[in-house]
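# Breakdown of the fold
Spelled out from the first residue to the last, the chains are:
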Amino acid sequence: MMSSSSSQNAILESPSAERNKGPIYDLVLSKLFPTLMENGGSDSSNNNNNNNIRVLELAAGCGVHTTHFVSAALAANNGMNIEWHPSDPDEEARISIDSRVKRDNLSDSVREANGWILGKAGGTACNDGNRDKGDAGASNSGVGGIEADYSEYHNYFDLITCINMIHIAPWEATLGLMECAGKTLRKGGILVCYGPYKIDGTAVESNLKFDNMLKSRDSRWGVRDLEDVIEVAKKEGLTFDSYIEMPANNLSVLFRKA
């Protein structure tokens, strides 16, 4: 068992997650949780009541979002029972997530982080999640992720979040993300994808520069065309709902399971 001191030492930091956790919850998730509860919560065939909300957080990174979102949701929604599943193919990220959850006494609501690899590429908020590199998501390294097994989670989740992953992972990770959402969201469930996007092939100057910088680091990375992401989602049974403009020229893009 990890001691309290070693648990604290295992916690990683993410300045970008600290900056965007407030806007993402306040502008997006705070509106979605009451709607999901009103629309029936998790599948009633599993004997759940409307207050039971199941969430899958893909590319969860070091756990900053996990603990902030769960704490805020429980505080704001009286009677909510939340079952939160953080996921990241980076083992150090998962240890950090679990340590934050333990520190903040959220273990009753947050499951142990899983290491699902999205598609062939991984998909982590920490780095590229490439299973061939022996780091995050490297299935042969002994410290990475595992091949995703959705058999227990078909039509299971009310909400899936994926924050700042699509542009810092190979395109195959986005394909895997949409496959996962198509299989594991319940009917009417929502996928939220946060990050920078191009629309009609262009973006604000700062995001175009960011795109060039990402591609200089890894040619498989880059700011994606929103239309391409929507098309992939459509193939997995997800309908584009809307997008919300966020600070720092980011978007929160919402998809709904048909």
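Let me begin by describing the structure that accompanies this report.

What follows deals with the sheet that holds strand S2 (residues 81–86). Taken in spatial order, the six strands make up an open sheet running S2-S1-S5-S6-S10-S9, and their pairing is mixed. Two strands lie at the open edges of the sheet, namely S2 and strand S9 (238–246), each paired on one side alone. Neighbouring strand axes in the sheet, compared pairwise and without regard to direction, differ in orientation by 20° on average. Strand direction decides the pairing type here: strand S6 (residues 185–195) and strand S10 (residues 250–257), joined by six bridges, are antiparallel. Bridge assignment links Gly195 to a residue of S10, and that residue is Leu251.

Attention shifts here to helix H7 (residues 226–235). All of the buried residues along H7 are Leu226, Val229, Val232 and Ala233. Looking straight down H7, one finds that the buried residues subtend no more than 125° of arc, so they occupy a single side. Summarising the geometry of H7, the exposed residues directed more than 90 degrees from the buried face are Lys234 and Lys235. Considering only its buried residues, H7 is in contact with helix H5 (171–184), strand S7 (197–198), strand S8 (224–225), S9 and S10. Just downstream of H7 lies Gly237, where phi reads positive at about 85°.

Conventions we followed
Residues numbered from 1 in each chain as written. Predicted model: local features only at pLDDT ≥ 70, side-chain atom pairs only at ≥ 80, totals over all residues. Heavy atoms only, no water. Pairing = 2+ DSSP bridges. Helix = DSSP H or I, 4+ residues; strand = E, 2+ residues; numbered from the N terminus. Axes fitted to C-alpha atoms, helices over the stretch in contact; angles between N-to-C directions. Buried < 20%, exposed > 50% of the residue type's maximum accessible area, 1.4 Å probe, protein only. Arc of directions from axis to C-beta. Contact = heavy atoms within 4.5 Å.

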